[in-house]
2 protein chains.
Amino acid sequence: MYIPTYDDMLAAHERIKPHIRRTPVRTSDYLNELTGAQLYFKCENFQEPGAFKLRGATNAVFGLDEEQAGKGVATHSSGNHASCLSYAAMLRGIPCNVVMPHTAPQAKKDTVRRYGGKITECEPSTTSRESTFAKVQAETGGDFVHPYNDPRVIAGQGTCAKELREQTDGLHYVVAPIGGGGMISGTCLTLSTLAPETRVVAAEPEQADDAYRSFKAGHIIADDAPKTIADGLLVPLKDLTWHFVSNHVHDILTASDPEIIEAMKLTWKHLRVVMEPSSAVPLATILKNRDRFAGKRVGIIITGGNVDLDKLPWLNR
Amino acid sequence: MYIPTYDDMLAAHERIKPHIRRTPVRTSDYLNELTGAQLYFKCENFQEPGAFKLRGATNAVFGLDEEQAGKGVATHSSGNHASCLSYAAMLRGIPCNVVMPHTAPQAKKDTVRRYGGKITECEPSTTSRESTFAKVQAETGGDFVHPYNDPRVIAGQGTCAKELREQTDGLHYVVAPIGGGGMISGTCLTLSTLAPETRVVAAEPEQADDAYRSFKAGHIIADDAPKTIADGLLVPLKDLTWHFVSNHVHDILTASDPEIIEAMKLTWKHLRVVMEPSSAVPLATILKNRDRFAGKRVGIIITGGNVDLDKLPWLNR
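Residues numbered from 1 in each chain as written. Chains lettered and ligands numbered in written order. Predicted model: local features only at pLDDT ≥ 70, side-chain atom pairs only at ≥ 80, totals over all residues. Heavy atoms only, no water.

In the annotation of an unreviewed UniProt entry, chain A is listed under the name Phenylserine dehydratase and assigned to Roseovarius aestuarii. Per UniProt, chain A carries the Cofactor (unreviewed entry) text "pyridoxal 5'-phosphate". (UniProt positions renumbered as here; feature names shortened; annotations may be inferred.)

## Side note on the interface of chain A and chain B
At the junction of the two partners, chain A supplies 29 residues and chain B supplies 29 residues. Roughly 2500 Å² of surface becomes buried between chain A and chain B when both sides are summed, with 49% attributable to carbon and sulfur atoms. Summed over the shared surface of chain A and chain B, the number is four salt bridges. The partner of D29 of chain A in a salt bridge is R21 of chain B, and the shortest N-O contact between them spans 3.8 Å. Elements with a minimum of two residues in the side of chain A that touches chain B: helix 2 (29–35) and helix 12 (257–270) of chain A. (Contact = heavy atoms within 4.5 Å. Buried area = accessible area lost by both parts, 1.4 Å probe. Salt bridge = Lys/Arg side-chain N within 4 Å of Asp/Glu carboxyl O. Helix = DSSP H or I, 4+ residues; strand = E, 2+ residues; numbered from the N terminus.)

## Details of the domain arrangement of chain A
Residue and element names in this part refer to chain A. Annotation of chain A at the domain level lists domain 1 (6–51 + 150–315) and domain 2 (54–144). If you average the C-alpha positions of domain 1 and of domain 2, the two centres end up 24 Å apart. When domain 1 packs against domain 2, close to 1700 Å² is buried across both sides, 55% of that on carbon and sulfur atoms. The interface formed by domain 1 and domain 2 includes three salt bridges. Residue D143 pairs with R152 through a salt bridge whose shortest N-O separation is 2.8 Å. Put simply, domain 1 and domain 2 have 11 residue pairs in polar contact (both at pLDDT 80 or more) between them. Here the side of domain 1 that touches domain 2 gets eight residues from one element, more than from any other, and that element is helix 8 (residues 151–168). (Domains from an automatic or database assignment. Polar contact = N/O pair within 3.5 Å; in protein donor to acceptor, adjacent residues only side chain to side chain.)

## Some thoughts on the packing of aromatic side chains
All told, the structure shown has 10 aromatic pairs over all chains when counted by the stated rule. Ring centres 5.2 Å apart and planes at 85° place the aromatic pair W268 of chain A and W314 of chain A in the edge-to-face group. Here W268 of chain A is found in helix 12, whereas its partner W314 of chain A is found in the segment after strand 10 (297–302), with 46 residues between them in sequence. By relative accessible area, which is 8% here, W314 of chain A ends up buried. A ring pair is formed by Y87 of chain B and Y115 of chain B, whose centres lie 5.0 Å apart and whose planes are at 75°; its orientation type is edge-to-face. (Phe/Tyr/Trp six-rings, centres within 6.5 Å; stacked < 30°, edge-to-face > 60°. Buried < 20%, exposed > 50% of the residue type's maximum accessible area, 1.4 Å probe, protein only.)

## Here we look at the relation of the copies chain A and chain B
A rotation about some axis, followed by a shift along it, carries one copy of the chain onto the other. Rotating chain A by 180° about the axis while translating it 0.0 Å along that axis superimposes it on chain B, leaving an RMSD of 0.0 Å. Those values place the two copies in the arrangement expected of a two-fold rotation axis. In terms of C-alpha distance to the rotation axis, chain A has V273 of chain A as its closest residue, with the C-alpha 2.2 Å off the axis. Looking at chain A, 100% of its interface residues are interface residues in chain B too, so the copies touch through the same face. (Least-squares fit on C-alpha atoms with pLDDT ≥ 70 in both.)

So, in structure tokens, the structure goes:
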């Protein structure tokens, strides 16, 4: 297991800078008053494909040597990683193969295809996904870019905290959502060197709280069929992300689905940005733990903004 | 009639800079591809009270001498001007009186009160509004700040185009919505000196096309009971805004309500910002007049972002 270093993150930032956006940091007097904290929202939903995952994907794609680049990349994902990897591959002009269950939403498939990604459908089971993916990889020779358990991906995600630090300075906390742990790991990687005084807090849905339980137990515990509105956060920790979570994360806080939906609506209304339920988990946990964050300067990573605008959770309860 | 000058706009910018946000300019590869143009969206919906009207209101409020400031400001409006004027008055710590029909949405009233504005309700008729306002003004001595037909307000709105020019450089067009014409007038005021080569285009709902018909006729024509989803654009031109519209506007383009709703949804989805139907009229007209804008660099002013998230127009057709 290769653990990415601070220098890997710096190299990633130089590599991906021409291809990604330096996303803005937004504030809201209203949300500051509501929480008693000074909140700094880093808008990764403003990346062209709408998610921070573009950073890690772009680092992996543009780090390939010419020979491997000719064979392209491959992954299995039905979420933002698939579209971001396709987008990054399109920027470099190389193939991207994606294995996705045939049950995935049509909109997700359309986005991957719009960015030139080639989809191979599988059954919605781990066995089918793994065998299908093995076949696709054998046929294409595409380099496997895991959604989060990959040092190139984690180094890429870490560039977000570097920018946030440059744009804000002197944060007491950075709070980011945790699913597989890619963004949290990158954040830990960067801040443990650049701003060790800043505490990294992971925010997780109660109904998919495997990271919380793992953190308390001291070893990885997987969820049994998690189900939450924050559908970007269903995946489990893996060895590489567990390394960062267990060594560097200050705490993991959880919020219920109704609390997440309420925080999502608050952000749409007062920050006036479109973001996914997953991205609302940090604000939900801050509202729930007011005493801890009051009077503090808190960075929040808005991880993604891909939402079905015809099915907003506060209209479908 | 005093016509504000370029120097008034420069003075306004110095005066309001400490109190407003220099809003970011956003782009979307997707929307560029769709229109064939290079679009630069100036996000005035990111002002704290959610609209460009903060600029003009802040210029009026902070330009008052101490004696007048003690008596505060007053206006009649049930829209963004009322909340922005209340917010600006709160920043300076002076009274703000707002006359509003009792039929105005509760959310609008709540926002004005949250910013310390004092509401006096009237009947939803011009007669009642005017008599109620006269009474309030006589009692309080508050300085009347008209939502748009006021040189201080127009000079303030013009600061938006100054920033947009600094942030983008070399635009062929700037397209902004037109209602009473405050933003369009400010834009003309600024660009006719700063970038006379940039054409200012006003975008208007078909179902409230009084500015379009006035522009073609050469004199102000008022609408008879306009009704459109773009409810920020229902008000008529007045002498001061007509001056700028008739002298400096390059063209006025219109779009239907379904086209406005489609453009609104496209922006939410691909730019991932929350904006009002009124703010979507420019993109709707650009999509409708593809040939004119293809290959051009086009600035678009997203004028506001205050929307009832429980009643989205594409879910209520």
